Amino acid sequence: MSTYDAVPYTSLPYPRTHPDHLHAMARLFGVRAASVTACRVLEIGCGSAGNLVGMAVDLPEATFVGVDPSEGEIARGRALAEAVGSTNVTLHVGSVDAVDGPFDYVIAHGVLSWVAPEVRRAILEQGRARLSQNGVFYASYNVFPGWHLRCAVRGMLQQHGSEGDPTARLRDARTFLDWLSARVGRDGGAFRAVLDEEVERLAGADDAYFFHEHLEEHNHPLWFRDFAAEARELGLQWLCEADPAATVRARAAPRAFEALRAVAGDDPISIEQHFDFLRGRSFRASLLVHLEHVRREVSGEELVDLVAASRGPGDLWIEDATLAEALARLSSRWPDGAPIAELSDDPAALADALAPLHAAGVVELRARVLGLAGEGLERPWASPLARLQARGPARVTNLRHEPIDLSADERAVLVRLDATAVPAADEAIVRRLAQLAFLRDGPR
Ligand SMILES: C[S@@+](CC[C@H](N)C(=O)[O-])C[C@H]1O[C@@H](n2cnc3c(N)ncnc32)[C@H](O)[C@@H]1O
């Protein structure tokens, strides 16, 4: 029996694994990733499919396949897919061997560091073998130097060596950590600081995260350079990070890029490795592609068909009038977006100008207009997944594939929004749900 049967992982949607996002990120670095509407997606280690089912309800013409060795997780995933009527999701108990490719997008989130090194290699190799020619492989993993600090706590919890079933070990580990935290002196210097940070992180984390990060037999962080070399040996090259802010880009942040290049040299892997030193990074979500692609940063001209979305510039002062106007138009369309080509008479220049704002998180780039309603809804429609999740206490997946906390009042309204008319009394809540990207106008 897998430890995931005993301590199931909370299965959430991860927006950065969504093909909409992966497509846009790959395009920035010169890979013509598959169009999203009818793409094929494989998730390795899909758990109970909270990520896959969220994407499947959003992209009914696409195909989603998940594999996981935990029978319990797959059973829960199948029940979820059935409950929301997703017929485009297939889930298998076991390894990737059970599945034939090719897939346009392969996802392994929270898996590679939490298996033995030889299994990590097998997953990368099996994923590569099923990746289409322009396919994008999302792989997340723990990294040094950040994990050197966190390993101090994991090591102590392992040495403390509690016994019993996973639930008892978890309880004992939490008690031990509290005991330790209360006794290590305030003048404990760097050790105290490391302990405080980990205690704070774990206080906000659920039991499943605590268990699988610190009590699992396997948690093998890597240096980024070693990960990239292993991937290359297996026929995959690093393209960029899934988080737009996590890759230092010449086009988006030329001064930061030059500063890193001065110490790291020209090799992009070395530049990224040095970026990890600078940030003390402990986690990466990398995008990998086949070796034959030439990694390059494309110019705005090649990106004008992408869709931009933004809440607006916030406190940023935008000097360029065209850019300011484009942002104003985008914020009026939030939570939906608009194709860059429709935002300016010179869309290529606008796409170039958006690069630093994209890297700063002010602008999102995606493959599609989502068709989200902002205001003035006549027949508000929420996805069957959101309506189902809103019946319970857990976070609810919106149409931007984010997990959102909702109040009891918001949940009570959301469960009823199936494109039939809404009582006027609920209008304010409906507007708020629309702003939170839960609604389309009219049935799907
Ligand atoms: C930390 S959980 C992450 C689950 C999910 N990806 C998420 O992020 O919510 C790791 C998952 O990897 C699965 N796993 C373990 N070994 C695996 C293997 N060899 N192939 C595929 N999945 C595996 C586990 O059963 C578990 O569901």
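You'll find the structure just up there.
Residues numbered from 1 in each chain as written. Predicted model: local features only at pLDDT ≥ 70, side-chain atom pairs only at ≥ 80, totals over all residues.

K.L.:
Help me understand helix 10 (residues 224-233) in this model?
P.N.:
Since there are 3.6 residues in each turn of an α-helix, residues three or four apart along the chain are aligned in direction. Among the residues of helix 10, F224, F227, A228 and A231 are the ones counted as buried. Relative to the axis of helix 10, the buried residues are bounded by an arc of 95 degrees and lie together on one face. Buried-residue contacts for helix 10 involve helix 5 (117-129), strand 5 (131-142), strand 6 (236-241), helix 12 (268-279) and strand 7 (283-290). Positioned one or two residues after helix 10, G235 has a phi angle of 95 degrees, which is positive. (Buried ≥ 20, exposed ≤ 12 C-beta atoms within 10 Å, placed from the backbone. Helix = DSSP H or I, 4+ residues; strand = E, 2+ residues; numbered from the N terminus. Arc of directions from axis to C-beta. Contact = placed C-beta atoms within 7 Å.)

K.L.:
Where do I start with the pairing of strand 4 (residues 103-108) in this structure?
P.N.:
With six of its six residues buried, strand 4 lies for the most part within the structure. In the sheet, strand 4 pairs with strand 5 via five bridges, with the strands oriented parallel. Each residue of the ladder has a partner; that of A108, found in strand 5, is A139. (Pairing = 2+ DSSP bridges.)

K.L.:
Sorry if this is basic, but what is going on with the site of the ligand here?
P.N.:
Among the 22 residues in the neighbourhood of the ligand, the closest are listed as Y4, G45, G47, S70 and G110. Put simply, the parts of the chain that give the shell around the ligand at least two residues each are strand 2 (63-68) and helix 5. Looking at side-chain class alone, the shell around the ligand contains 11 nonpolar, nine polar and two charged residues. (Near = placed C-beta within 6 Å. Nonpolar A, V, L, I, M, F, W, Y, C, P; charged D, E, K, R; others polar.)

K.L.:
Please clarify how the packing of helix 7 (residues 166-183) against helix 9 (residues 207-215) should be interpreted in this entry.
P.N.:
Helix-helix packing is characterised by the crossing angle of the two axes and by the distance between the axes. Running from amino to carboxyl end, helix 7 crosses helix 9 at an angle of 85 degrees, the nearest separation of the two axes being 10 Å. Taken together, the axes of helix 7 and helix 9 are roughly perpendicular relative to one another. Residues P166, R169, L170 and A173 of helix 7 pack against D207, F210, F211, H214 and L215 of helix 9. Split into classes, the residues belonging to the contact of helix 7 with helix 9 amount to six nonpolar, one polar and two charged. (Axes fitted to C-alpha atoms, helices over the stretch in contact; angles between N-to-C directions. Parallel < 35°, antiparallel > 145°, perpendicular 65-115°, else oblique.)

K.L.:
What exactly am I supposed to notice about the packing of helix 6 (residues 146-160) against helix 8 (residues 189-203) here?
P.N.:
One can describe the packing of helix 6 onto helix 8 by two numbers: an axis separation of 10 Å at closest approach and a directional angle of 80 degrees. If you check the angle between helix 6 and helix 8, you find them roughly perpendicular. Contacts from L149, R150, A152 and V153 of helix 6 reach helix 8 at V194, L195 and E198. Classifying every residue of the contact of helix 6 with helix 8 by side-chain character gives five nonpolar, no polar and two charged.

K.L.:
I keep staring at the sheet that holds strand 5 and nothing clicks. Help me out?
P.N.:
The strands that make up a sheet are held in pairs by hydrogen bonds between backbone atoms, and each pair lies either parallel or antiparallel. One open sheet accounts for seven strands, arranged 3-2-1-4-5-7-6; its pairing is mixed. Of all strands in the sheet, those bounded by a partner on one side alone are strand 3 (89-93) and strand 6. Neighbour-to-neighbour, the strand axes of this sheet turn through a mean angle of 20 degrees, independent of strand direction. Along the sheet, helix 10 contacts strand 5, strand 6 and strand 7; its crossing angle with strand 6, the most-contacted strand, is approximately 135 degrees.

K.L.:
So what exactly am I meant to see when it comes to helix 12 here?
P.N.:
The first and last C-alpha atoms of helix 12 sit 16 Å apart over 12 residues, in line with the 16 Å expected at 1.5 Å per residue. Within the sequence span of helix 12, burial applies to P268, E272, Q273 and H274. (Expected span 1.5 Å × (residues − 1).)

K.L.:
What is the right way to read unusual backbone geometry from this model?
P.N.:
For residues besides glycine, phi is generally negative; the peptide bonds are generally trans as well. Cis geometry marks the peptide bond from G101 to P102; its omega dihedral reads -5 degrees. On the secondary structure map, P102 appears in the loop between strand 3 and strand 4. In this model, W334 is joined to P335 through a cis peptide bond whose omega is 10 degrees. Along the chain, P335 falls in the loop between helix 13 (321-333) and strand 9 (338-339). Within the chain, A49 stands out as a residue other than glycine whose phi angle is a positive 70 degrees. Looking at where A49 falls in the secondary structure, it is placed in the loop between strand 1 (40-44) and helix 3 (50-58). Given 26 C-beta atoms within 10 Å, A49 falls into the buried group. Positive phi values are uncommon outside glycine, yet A437 reaches one of about 70 degrees. Among the structural elements, A437 can be located in the loop between helix 17 (427-435) and strand 14 (439-441).

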